[in-house]
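Observations on chain architecture
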Amino acid sequence: MSTKPVRIAVTGAAGQVSYALLYRIASGEMLGKDQPVILQLLELPNEKAQAALKGVMMELEDCAFPLLYGMEAHSDPAVAFKDTEYALLVGSRPRGPGMERTELLAANAQIFTAQGKALDAVASRNVKVLVVGNPANTNAWIAMQSAPSLPRENFTAMLRLDHNRALSQLAARMGKPVSLIKCLAVWGNHSSTMYPDYRFASMEGESVKDIINDDAWYKDVFLPTVAKRGAAIIEARGQSSAGSAATAVIDHMRDWVMGTQGRWVTMGVPSNGEYDIPKNVVFGYPVTCSGGKYTIVEGLKFDDEFSQDRIERTLAELISEQDAVKHLL
Ligand code: NAD
Ligand code: LMR
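In what follows, the accompanying structure is described. (Residues numbered from 1 in each chain as written. Chains lettered and ligands numbered in written order. Predicted model: local features only at pLDDT ≥ 70, side-chain atom pairs only at ≥ 80, totals over all residues. Heavy atoms only, no water.)

**Observations concerning the pattern of salt bridges**
- Evaluation of the coordinates by the stated rule reveals 13 salt bridges.
- A salt bridge links Asp-255 to Arg-160; its shortest N-O distance comes to 2.8 Å. Of this pair, Asp-255 sits in helix H10 (residues 243–258) while Arg-160 sits in helix H6 (residues 160–174), and the two are 95 residues apart along the sequence.
- A relative accessible area of 2% means that Asp-255 is categorised as buried. (Salt bridge = Lys/Arg side-chain N within 4 Å of Asp/Glu carboxyl O. Helix = DSSP H or I, 4+ residues; strand = E, 2+ residues; numbered from the N terminus. Buried < 20%, exposed > 50% of the residue type's maximum accessible area, 1.4 Å probe, protein only.)

Encoded structure:
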């Protein structure tokens, strides 16, 4: 057992995603059952947020997790991110009923500029960053731009929830377990313009597209169900997804750190021009992970108008989000 604990910063630590997440990190689900952790928890400085954070920490303490070597409560990112090797940027303002994600851009741009600068100043030089707070892709782009001394590729955004949602919808349609589906991709923005793409997916060696063989279902049911799932959960619960979001965080980080053994997963990562996406746009791509690094799956063909159009639409949204906040950086 490796006895050296790693430092994990979590922002928005008293919020509902973190409430579903922190216990699972502390129990070893994210980095493995032999990896001790120290949680560096960031919340807003106001009394209510800090009191709620204290309550969460009391509960974590009451779990007596053997891997939880320490916990700290913070209100300043420049302290919370000190030497952190993993930064899970969850805290931001969540979307309410009927609200579009783009409305959150300006408020969150300020948060992610400040946090990017703080990471740049004090985090481990190898810190792996996952942005969950929406609009996640653009917030990750802002944090990355605000941290010029850290490796660009270490800034990622969460599209794993979309990937998991797409997997479950396909599995249910085929009446098969999720685990049998391979090579699914979700392209673009974590928003309703995302493109969940089953053209390359297979199940036990057969094409998922051929097994389902129903283009109308794919376009009129599957795509809108996955793309609007976040909004549907908000309508149903009155609050945005939390348990499924926390599961996606665990999946994203575990796979990034421990590898996918050739399996494709979806991560929002800064482009290097792959698939003609402009450099640095944080875009959902199919990736494989090994040795603590992710690699974008390359060479997939976009030779039909529908897929081209979907990619262009989600890219256009990301570019317009960037344009809306550029002046704030
Ligand atoms: P929440 O309101 O329950 O919790 C957010 C917490 O962040 C609050 O406790 C708040 O005090 C804190 N916070 C706000 N600004 C902060 C800052 N500058 N520094 C530190 N803490 C700060 O919200 P939630 O339901 O936990 O959702 C958190 C975010 O995650 C939202 O933006 C939501 O839209 C997003 N989300 C993304 C995905 C995804 O798939 N990418 C999925 C679910 C939720
Ligand atoms: C989700 O996908 O559930 C979250 O991003 C919440 C939202 O605003 O859609």
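**Overview of the pairing of strand S3 (residues 68–74)**
- Judged from the 6 bridges that link them, strand S2 (residues 37–42) and S3 form a sheet pairing that is parallel. Counterpart to Gln-40 in the pairing with S3 is Glu-72.
- The parallel pair S2 and S3 is bridged by helix H2 (residues 47–62), and the resulting crossover is right-handed. (Pairing = 2+ DSSP bridges. Right-handed = clockwise from strand over helix to strand, strands pointing away.)

**Re the packing of aromatic side chains**
- Within the structure shown, the criterion is met by 14 aromatic pairs.
- On the basis of an interplanar angle of 50 degrees and a centroid distance of 6.3 Å, the ring pair of Phe-200 and Trp-264 is categorised as tilted. Here Phe-200 is found in the loop between strand S9 (195–197) and strand S10 (202–203), whereas its partner Trp-264 is found in the loop between H10 and strand S12 (265–270), with 64 residues between them in sequence.
- The class of Trp-264 is buried, set by a relative accessible area of 14%.
- Considering the side-chain rings of Tyr-275 and Tyr-285, the 6.2 Å spacing of their centres and the 35 degrees angle between planes classify their relative orientation as tilted. Note that Tyr-275 is positioned in the loop between S12 and strand S13 (282–290) and Tyr-285 in strand S13, a separation of 10 residues in sequence. (Phe/Tyr/Trp six-rings, centres within 6.5 Å; stacked < 30°, edge-to-face > 60°.)

**Topic: the environment of Ala-236**
- Tracing the chain through its elements places Ala-236 in helix H9 (residues 229–237).
- Note on Ala-236: relative accessible area 71%, which makes it exposed.
- The spatial distance from the C-alpha of Ala-236 to the C-alpha of Leu-161 is 17 Å, given a sequence separation of 75 residues.

**Looking at the nonpolar core**
- In this structure, Ile-8 and Leu-88 are the most contacted members of the largest nonpolar core, which totals 78 residues.
- The biggest single contributor to this core is H10, with 7 residues.
- Excluding residues that lie within four positions of it along the chain, Leu-88 makes contacts with Ile-8, Ala-9, Val-10, Thr-11, Leu-21, Ile-25, Met-30, Leu-130, Val-249 and Met-253.
- Judged by nonpolar contacts, the second largest core, of 28 residues, contains Ala-109, Val-122, Val-131 and Ile-142. (Core = buried A, V, L, I, M, F, W, Y, C linked by side-chain atoms within 4.5 Å. Contact = heavy atoms within 4.5 Å.)

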